[in-house]
Amino acid sequence: MSQFHESLPSTGDKAQSFTPDSVRTSHPQVVHHLALVLGGGGAAGNAWLIGIIAGLAEAGLDTTEDVDLVIGTSAGATAAAQVRSGIPPAELLASVLSLSARPLGQNWEQPPALPMATVFERMRAIGAAATSPADLRRAMGAFGLESDSILGPGAGQRRAIVAARLPRPEWPERPMIVTAVDAHSGELVAFDRNSGVDLVDAVTALPGLVPTVSINGRQYIDGGVGAGENADLASGYANVVVLSPLAGRSGALPEGQFEGLPRPPEWDTDLASQVEALRKQGSRVEVITPDADSRAAMGTNQMDLATRIPSACAGFTQGKQEATRVTFL
């Protein structure tokens, strides 16, 4: 049984679910060694994560072998499955670098989609109206359910795309959590290999861009709508490494880049607040975010598959440099 289920008992064939507040207090004592948190960031973010992990391994810090728990959100959920696959980091990187911008072949029919500008406009309106993290998650869930009238017919194609990105369709043996949000209630949900949920289904994505995922009669959306990293799930680990493709940005964003959903500090869903809470519990936390070269490589549209190769290369270079400060691995 995974360490996750030591604090949250198994519910058989139902999804493991919890409220964010309960997670923050579920590990009052630091009892485990090392957790790796992988945040969301689209196609570019996923490739950057793999690049960072391969760069760390090149410098002698193999996070695929040394971590006790991997926590993945959004694009980080796919990266978590890659990290836990048993495939060496260098091979994971080589796989990213060998992929074309159209992963399933030139004849692959694109599923239905809403215009990106429409999605971002709606997300801005939802964020501006939200009064709490729960309110934000519920509103984004409602947006996802509403979008299913257009995106729903592409659910099968979307599932095939996700399956093609995973090294294996089965959950890894070693502990791994991927996050999602119940589109009906707005509740944050975590899935692991003991939850009875198919791994391909567990890897959700952003509402408005893909259809909601149906699991046990409930619809789910991207776990990143609540928090970009969900680093608070690493509570109870003595050492935590957070790789966040979207955190660390400052100043004016490049023209055309979406600023993201709001994370006011008083909500405790922003990365800085969650890292501070972990440190107060006694965890040692290192956070790696894209440096200037990585940000340039990721571009203004992280969903663009053409950003994957430059993002992975920049992440690899950065990962080798970051190894000097992640000394507890």
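So, how was this worked out
Residues numbered from 1 in each chain as written. Predicted model: local features only at pLDDT ≥ 70, side-chain atom pairs only at ≥ 80, totals over all residues. Heavy atoms only, no water. pLDDT = per-residue confidence, 0-100. Contact = heavy atoms within 4.5 Å. Helix = DSSP H or I, 4+ residues; strand = E, 2+ residues; numbered from the N terminus. Buried < 20%, exposed > 50% of the residue type's maximum accessible area, 1.4 Å probe, protein only. Phe/Tyr/Trp six-rings, centres within 6.5 Å; stacked < 30°, edge-to-face > 60°.

Q: Explain the confidence of the model for the protein chain to me, using residue names and the numbers behind them.
A: In this model, the protein chain carries a mean pLDDT of 86, and residues with pLDDT of at least 70 account for 86%. With pLDDT under 50 throughout, residues 101–107 is counted as low confidence; its partners more than four residues away or in other chains account for seven contacts.

Q: Describe unusual backbone geometry, and please don't skip the residues or the numbers.
A: Its identity is not glycine, yet Asn 216 carries a phi of approximately 50°, on the positive side. Locating Asn 216 in the fold gives a position in the loop between strand E5 (213–215) and strand E6 (218–222). Within the chain, Asp 268 stands out as a residue other than glycine whose phi angle is a positive 60°. Relative to the elements of secondary structure, Asp 268 occurs in the loop between strand E7 (237–243) and helix H11 (271–280).

Q: Any details on the side chain of Asn 46? Residues and values, ideally.
A: Its place among the elements puts Asn 46 in helix H3 (residues 42–58). Judged by its relative accessible area of 5%, Asn 46 falls in the buried class. Contacts of Asn 46, omitting those with residues within four sequence positions, involve Ala 75, Thr 78, Ala 79, Gln 82 and Arg 308.

Q: Account for the packing of aromatic side chains, with residues named and values stated.
A: On inspection of all chains with the given rule, the structure shows two aromatic pairs. For the pair Phe 120 and Phe 258, a centre-to-centre distance of 4.4 Å together with 0° between the ring planes defines the contact as stacked. Placement of the pair is Phe 120 in helix H7 (residues 116–129) and Phe 258 in the loop between E7 and H11, with a sequence separation of 138 residues. On the numbers, 5.5 Å between centres and 75° between planes, the contact of Phe 191 with Tyr 220 is edge-to-face. Taken as a pair, Phe 191 in strand E4 (residues 188–191) and Tyr 220 in strand E6 lie far apart in primary sequence, 29 residues in all.

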